[in-house]
Amino acid sequence: MTTLVLDGGLATLLERLGADLRDELWSARLLLEEPGLIRRAHADYFAAGADVATTASYQATFPGFARRGLDRARAERLIRLSVELAGQARDEAGRGLVAASVGPYGAYLANGAEYTGDYDLDEDGLYAWHLPRWEVLAGAGADLLACETIPSYPEARALARLLDATPGVKAWVSFSCRDAERLNDGTPIREAAALFGGNPRVVAVGVNCTAPRHLPGLIACLSGGLPVVVYPNSGETWDAAGRRWLGLADPMEFGQAAKEWERAGASLIGGCCRTTPEHIRQIRAHLS
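Small disclaimer: the values here were computed from a predicted structure and weren't measured.

Here is what the cut-offs are and how they apply
- Residues numbered from 1 in each chain as written.
- Predicted model: local features only at pLDDT ≥ 70, side-chain atom pairs only at ≥ 80, totals over all residues.
- Heavy atoms only, no water.
- Salt bridge = Lys/Arg side-chain N within 4 Å of Asp/Glu carboxyl O.
- Helix = DSSP H or I, 4+ residues; strand = E, 2+ residues; numbered from the N terminus.
- Buried < 20%, exposed > 50% of the residue type's maximum accessible area, 1.4 Å probe, protein only.
- Core = buried A, V, L, I, M, F, W, Y, C linked by side-chain atoms within 4.5 Å.
- Contact = heavy atoms within 4.5 Å.
- Phe/Tyr/Trp six-rings, centres within 6.5 Å; stacked < 30°, edge-to-face > 60°.
- Lys NZ or Arg CZ within 6 Å of the ring centre and 35° of its normal.

Visitor: So what's going on with the pattern of salt bridges? Residues and values would help.
Guide: For the structure shown, the criterion picks out 14 salt bridges. Between Arg 161 and Glu 123 there is a salt bridge; the shortest N-O distance is 3.0 Å. Of this pair, Arg 161 sits in helix H8 (residues 153-165) while Glu 123 sits in helix H7 (residues 123-138); the two residues are 38 residues apart in sequence, bridging distant segments of the chain. For Glu 123, a relative accessible area of 18% translates into the label buried.

Visitor: For the nonpolar core, give the residues involved together with the corresponding values.
Guide: Nonpolar side chains in soluble globular proteins tend to end up buried together. Of all hydrophobic cores here, the largest spans 84 residues; its most connected members are Leu 14, Leu 31, Phe 65, Phe 175, Ile 189, Phe 196 and Trp 261. The element best represented in this core is helix H5 (residues 72-93), accounting for eight residues. Dropping the residues within four chain positions of it, Phe 196 is found in contact with Ala 156, Leu 159, Ala 160, Leu 163, Val 173, Phe 175, Val 202, Val 205 and Leu 226. Of all hydrophobic cores here, the second largest spans 13 residues; its members include Val 52, Ala 146, Tyr 231 and Cys 272.

Visitor: Describe the packing of aromatic side chains, and please don't skip the residues or the numbers.
Guide: Throughout the structure, instances matching the rule amount to six aromatic pairs. Relative to Tyr 108, the ring of Tyr 105 lies with its centre 6.0 Å away and its plane at 35°, an arrangement referred to as tilted. Separated by three residues within a single helix, Tyr 105 and Tyr 108 lie in helix H6 (residues 105-109), roughly one turn from each other. Between the aromatic rings of Phe 254 and Trp 261, the centroid separation amounts to 5.4 Å while the plane-to-plane angle is 85°, which identifies the pairing as edge-to-face. Overall, the relative accessible area of 4% leaves Phe 254 in the buried class. Judged by relative accessible area, which is 4%, Trp 261 ranks as buried. These aromatic residues form a ring-pair network of at least three members: Tyr 105, Tyr 108, Tyr 119 and Trp 129. The lysine or arginine in question, Arg 72, covers the ring of Phe 62, its NZ or CZ lying 4.4 Å from the ring centre. One cation-aromatic arrangement involves Arg 161 over Tyr 127; the distance from NZ or CZ to the ring centre is 4.4 Å.

Spelled out as structure tokens, the structure:
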């Protein structure tokens, strides 16, 4: 299977382009205020060698927009706009795929729950919460859905049910993990991935928004099943007390590591938080 290069951190690049994302809507706020900047960010990632643009819908939800006073019709237009912007950048690049981001419930909570899986909803509640946005994204013209940063087994089960309910949709499912074997809620990744095993519409399962050092073990846990998708964070760590990133992630080292992830069995590879077009350029160079 040919390795696909995914894009990098959308919010990271938007901040570098001058956006202020200190807001609970995060990058989704720009769908409302500065959509052209989102399209530019997608274009920059395609120019760096990415094969896939992941949309700015990670934190774009009906409840989140409602808190801003937007009605359902306006919110739906903005969610669809996230796919249109990525599609425009793809068309300008003349190649590539659009993956519509389905962020976790924890992203809406905006309290870090995507890194713990500590939710106040059960599986049925999560299914009901995801359903409205899922239906919009499923019909918005993306090539597939990117169910990403999923920290908990109940949320994975809810997404598996949504996939069963929409037979025309393809997706990848990517978990956020605490170590080399387990999701952030402690579930073994093998157990969570098994929910999607054998489903021909799931193009890959894997890991994102996770420290790169955990990837070799996680890829090993997933080997022998569906294709594996990985797009970890840069390797920097967040100092919550100081509200700053510590460490320095070198794009060249990231690209070299991507080659090792490919050798270990990953076939869709990109970056998440704190990665940039330069990281993607290095991935492309090392995988080519």
